[in-house]
Amino acid sequence: MPKNKGKGGKNRKRGTNKNEPEKRDLNLKEEGQEYGQVIKMLGNGRLQVYCFDGTRRLGVICGKMRKKSWVSNGDIVLVGLRDFQDSKCDVIMKYLPDEAKRLQKMKEIPEHVKANEDEEGPSRDDNIVFEQASDDEDDDETSGDEDQGAEEPEDEEEEEDYDYGNEAYEAPKTDDVDIDGI
């Protein structure tokens, strides 16, 4: 039987809450760094960042952040600028929503920026407008004999024209087809 080398089992870990972020110091930008907002995730640890100096850059997530903090659209990040490439930058740190609000209060980032919208916050789907069905359609469905229970299909024949290339194709009518001759 193997010897236990740890300090306990799963019951020891039960009391700790690892999901709750600990209070951390607010890191401000230094020389060669800039604040930015993620515009688009490109995949493979790359993203498009709008830096608050007015330029769009291709950001690369640094190795220590790749699996530890997940960056998504709309997040406020601290990027390190490259001396030799102005169009690329390195993502150094992702700010939490409360940290981004503190940066706005300190006037480090512009106030018009919507920083890190939470799950409960407004989403992109708020601008979708659904049209309601008109009263004419509702009247057609409800009119008629409601007591019969079963609806009878209509016997109207519909001809459909299909366009296959340059020629117009008419769908064959069911009356013209001779089943016995097959």
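Residues numbered from 1 in each chain as written. Predicted model: local features only at pLDDT ≥ 70, side-chain atom pairs only at ≥ 80, totals over all residues. Heavy atoms only, no water.

1. Re the overall build of the protein
Working step 1: If you tally the helices and strands in the protein, you get three helices and seven strands.
Working step 2: Ordering the α and β elements of the protein from the N terminus gives α-β-β-β-β-β-α-α-β-β.
Working step 3: Taking all 182 residues of the protein together, 20% fall into the buried category.
Working step 4: Long-range contacts, defined as pairs at least 24 residues apart, comprise 49% of the intrachain contacts of the protein with a sequence gap of at least 6.
Working step 5: Carbon and sulfur atoms provide 45% of the accessible area of the protein, an area that totals close to 15900 Å². (Helix = DSSP H or I, 4+ residues; strand = E, 2+ residues; numbered from the N terminus. Buried < 20%, exposed > 50% of the residue type's maximum accessible area, 1.4 Å probe, protein only. Contact = heavy atoms within 4.5 Å. Areas by Shrake-Rupley, 256 points an atom, 1.4 Å probe, with all protein chains shown as cover.)

2. Concerning helix 2 (residues 97–105)
Working step 1: Taken together, the buried positions of helix 2 are E99, A100, L103 and Q104. Projected onto a plane normal to the axis of helix 2, the buried residues spread over an arc of 145 degrees and lie on a single side.
Working step 2: Structurally, helix 2 contributes buried residues whose contacts are with strand 1 (33–43), strand 4 (76–81) and strand 5 (88–94).
Working step 3: Phi for K107, located one or two positions after helix 2, is positive at around 60 degrees. (Arc of directions from axis to C-beta.)

3. A few points about the confidence of the model for the protein
As a general rule, the predicted coordinates of low-pLDDT regions are not to be interpreted in detail.
Working step 1: Per-residue confidence for the protein gives a mean pLDDT of 75, with 57% of residues at or over 70.
Working step 2: When pLDDT is averaged over each element of the protein, strand 3 (residues 56–61) comes out on top at 95 and strand 6 (residues 161–164) at the bottom at 52.
Working step 3: A low-confidence stretch, residues 118–123 stays under pLDDT 50, and its non-local contacts, those more than four residues away or across chains, total two contacts. (pLDDT = per-residue confidence, 0-100.)

4. Looking at the sheet that holds strand 5
Working step 1: The five strands lie next to each other as 1-2-3-5-4, forming a closed barrel whose pairing is mixed. Between one strand axis and the next, the sheet turns by 50 degrees as a mean value, whatever way the strands run. (Pairing = 2+ DSSP bridges. Axes fitted to C-alpha atoms, helices over the stretch in contact; angles between N-to-C directions.)

5. Some details on the packing of aromatic side chains
The description of two aromatic rings rests on the distance between their centres and on the angle between their planes.
Working step 1: Under the criterion given, the structure shown has two aromatic pairs.
Working step 2: Both rings, one in Y35 and one in Y95, keep their centres 6.0 Å apart while their planes meet at 50 degrees; by these two values the pair is tilted. Taken as a pair, Y35 in strand 1 and Y95 in the loop between strand 5 and helix 2 lie far apart in primary sequence, 60 residues in all.
Working step 3: Since its relative accessible area comes to 0%, Y95 is described here as buried.
Working step 4: On the numbers, 6.2 Å between centres and 80 degrees between planes, the contact of Y50 with F52 is edge-to-face.
Working step 5: Accessibility expressed as a relative area gives 19% for F52, which makes it buried. (Phe/Tyr/Trp six-rings, centres within 6.5 Å; stacked < 30°, edge-to-face > 60°.)

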